[in-house]
Amino acid sequence: MVRFKSKYDVCLLIPCYNNQAGLEKSLQSVKYKPGNLLVVIVDDGSDIPVTIDPLFRGGQEWPVQLIRLPENRGITVALNAGLAWIFEHLSCNYIARLDCGDYCHPDRFYEQVAYLQQRPDVDLVGSWCYFENPATGERYRYTTPVCHTAIKRAMHFRNVFIHPTVLLRAGLFQKVGYYPTDYPCAEDYALFWKIIKHTETHIIGKFLLICEYNEQGISLKNRGKQLESRMRIVNTFGANLIFKYINALKMKILMKIPYSAILFIKKKLS
């Protein structure tokens, strides 16, 4: 049994649903100062319960807290359950995100923590990333604006912060709240909009993460919900009327285009 300290630099929050192998792969990529990072895994009612035993193989112990939800409730509930446990049981400077199957660059946490330490005015930092199909090895780059002013403008048209790339100051959640529950499949986009209206943000212009994607695993039903939520989010939080109109038009067009075509365009542009 791992004994937890009362204070950590980083708490790494990972929701998991029926993806034990992806969880193990992702944690193998995590590098940071020994004893200064705690992993909080939320098992969102997996059919076969997640186990942390494989994480202790080879003599290397990860400080891990496993939270089990009795049934599958979705990522928003899982993330908020993890945040609630963190704030109830310990203290940390930063909260990071990672999804099962994604792979961190060895310098990811060192660079992101160093940036926030050097910039006390910034509360949220992300990075560029690769999207990779694990079955084929095919990948494309996801790049974004890096400075806060450009980020605010670009957020009208896409989510600049890829969720598993982010590191946030823990105190930020006390100011803006947890993940909103009224924007299905776009809870992260809504949270980031709340944050950019409250504080400075930044993107590190380096590829510090590989995000796993599966073309066959894209749910058209969920994609439709996500696009509808994205349209409502920009309409609620956006500041530029013209940008809000363009975003609404973009979302309606995307609803009519197969995701395979969108993915093809992304690869070509990358």
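Up top you'll find the structure we're talking about.
The rules behind each value
- Along each chain, the written sequence defines residue order, and numbers are assigned to residues from 1.
- Only residues with pLDDT of 70 or above have their local features reported here, since the model is predicted, and side-chain atom pairs are shown and tallied only from 80 upward, although totals for entire chains, interfaces and linings are computed over all residues.
- To get the side-chain values, take all heavy atoms of the structure and skip hydrogens and water.
- Salt bridge, as used here, is a side-chain nitrogen of Lys or Arg placed within 4 Å of a carboxyl oxygen of Asp or Glu.
- For helices the rule is a DSSP run of H or I covering at least 4 residues; for strands it is a run of E covering at least 2, with both sets numbered from the N terminus onward.
- Under the scheme applied here, a residue whose accessible area is under 20% of the maximum for its type counts as buried, over 50% as exposed, and between as partly exposed, the area being computed with a 1.4 Å probe on protein chains only.
- All tallies of charge rest on Lys and Arg as positive and Asp and Glu as negative; His and the ends of each chain are not included.
- In the analysis that follows, any N or O atom pair within 3.5 Å is treated as a polar contact, provided that within protein one partner can donate a hydrogen and the other can accept it, and provided that, for residues neighboring in sequence, both atoms belong to side chains.
- Should any heavy atoms of two residues lie within 4.5 Å, those residues are considered in contact.
- Within the patch definition used here, like charges are joined within 9 Å and nonpolar side chains (Val, Leu, Ile, Met, Phe, Trp, Tyr) within 5 Å, considering only residues with over 30% relative accessible area and no salt bridge.
- Note on areas: Shrake-Rupley with a 1.4 Å probe; residue coverage comes only from the protein chains shown.
- The criterion is simple. A nonpolar core is a set of buried Ala, Val, Leu, Ile, Met, Phe, Trp, Tyr and Cys residues joined through side-chain atoms within 4.5 Å.
- Each pair of strands is called paired provided DSSP finds at least two bridges between the two strands.

Asker: Can you lay out the pattern of salt bridges for me, pointing to particular residues and giving the numbers?
Answerer: The tally for this structure, following the rule as stated, stands at 7 salt bridges. The partner of glutamate 111 in a salt bridge is lysine 206, with the nearest N and O atoms 3.2 Å apart. Placement of the pair is glutamate 111 in helix H3 (residues 108-118) and lysine 206 in strand E9 (residues 200-212), with a sequence separation of 95 residues. The partner of aspartate 123 in a salt bridge is arginine 169, and the shortest N-O contact between them spans 3.0 Å.

Asker: Outline helix H6 (residues 187-196), listing residues and values.
Answerer: Counting buried residues along H6, 9 of its 10 residues qualify, which places the element largely inside the surrounding structure. Among all positions of H6, only Glu187, Asp188, Tyr189, Ala190, Leu191, Phe192, Trp193, Ile195 and Ile196 are buried.

Asker: Got a sec to walk through the side chain of arginine 223? Specific residues and values, please.
Answerer: Of note, arginine 223 is situated in helix H7 (residues 220-237). At 11 Å, glutamate 228 is the nearest oppositely charged side chain to arginine 223, a buried residue that forms no salt bridge. A polar contact of 3.0 Å, which involves the side chain of arginine 223, links it to the backbone oxygen of isoleucine 257. Apart from residues no more than four positions distant in its own chain, arginine 223 is found in contact with Leu254, Ile257, Pro258, Tyr259 and Ile262.

Asker: How would you sum up unusual backbone geometry? Please name residues and give values.
Answerer: Despite not being glycine, asparagine 18 has its phi angle at roughly 55°, a positive value. One can find asparagine 18 in the loop between strand E1 (7-16) and helix H1 (20-28). Phi at cysteine 185 is positive, roughly 65°, even though this residue is not glycine. Along the polypeptide, cysteine 185 turns up in the loop between helix H5 (172-176) and H6. Under the relative-accessibility criterion, cysteine 185 is labelled partly exposed at 30%.

Asker: Now, about a nonpolar patch on the surface: what can you tell me, with residues and values included?
Answerer: Among the surface-exposed residues, Ile242, Tyr245, Ile246, Leu249 and Ile253 lie close enough to one another that they form a single nonpolar patch of about 520 Å² accessible area. Given the relative accessible area of 44%, isoleucine 253 is considered partly exposed.

Asker: Could you give an account of the nonpolar core, with specific residues and numbers?
Answerer: One recurring pattern in soluble globular proteins: nonpolar side chains tend to sit buried together. Counting residues in hydrophobic clusters, the biggest one holds 43 residues, and the most contacted among them are Ile86, Met155, Phe161, Phe192, Trp193, Ile195 and Ile233. With residues near it in sequence (within four places) discarded, methionine 155 still touches Val160, Phe161, Tyr189, Phe192, Trp193, Ile196 and Val234. Residues Ile41, Leu66, Cys104 and Leu209 belong to the second largest nonpolar core, which totals 40 residues.

Asker: Give a detailed account of the pairing of strand E4 (residues 91-97), specifying residues and quantitative values.
Answerer: Judged by how many residues are buried, E4 sits mostly within the fold: 5 of 7 residues are covered. Judged from the 3 bridges that link them, E4 and strand E8 (residues 167-169) form a sheet pairing that is antiparallel. By the bridge assignment, alanine 96 is partnered in E8 with leucine 167.

Asker: Could you give me a rundown of the pairing of strand E2 (residues 37-43), with the residues and numbers involved?
Answerer: A regular strand places its side chains on the two faces of the sheet in alternate fashion. The element E2 is largely enclosed, with a buried count of 7 among its 7 residues. Neither face of E2 is left uncovered, since the one carrying Leu37, Val39, Ile41 and Asp43 and the one carrying Leu38, Val40 and Val42 both have all their residues buried. Inspection of the sheet shows E1 paired to E2 by 7 bridges, in the parallel sense. Of the residues in E2, the one forming a bridge with proline 15 is valine 42.

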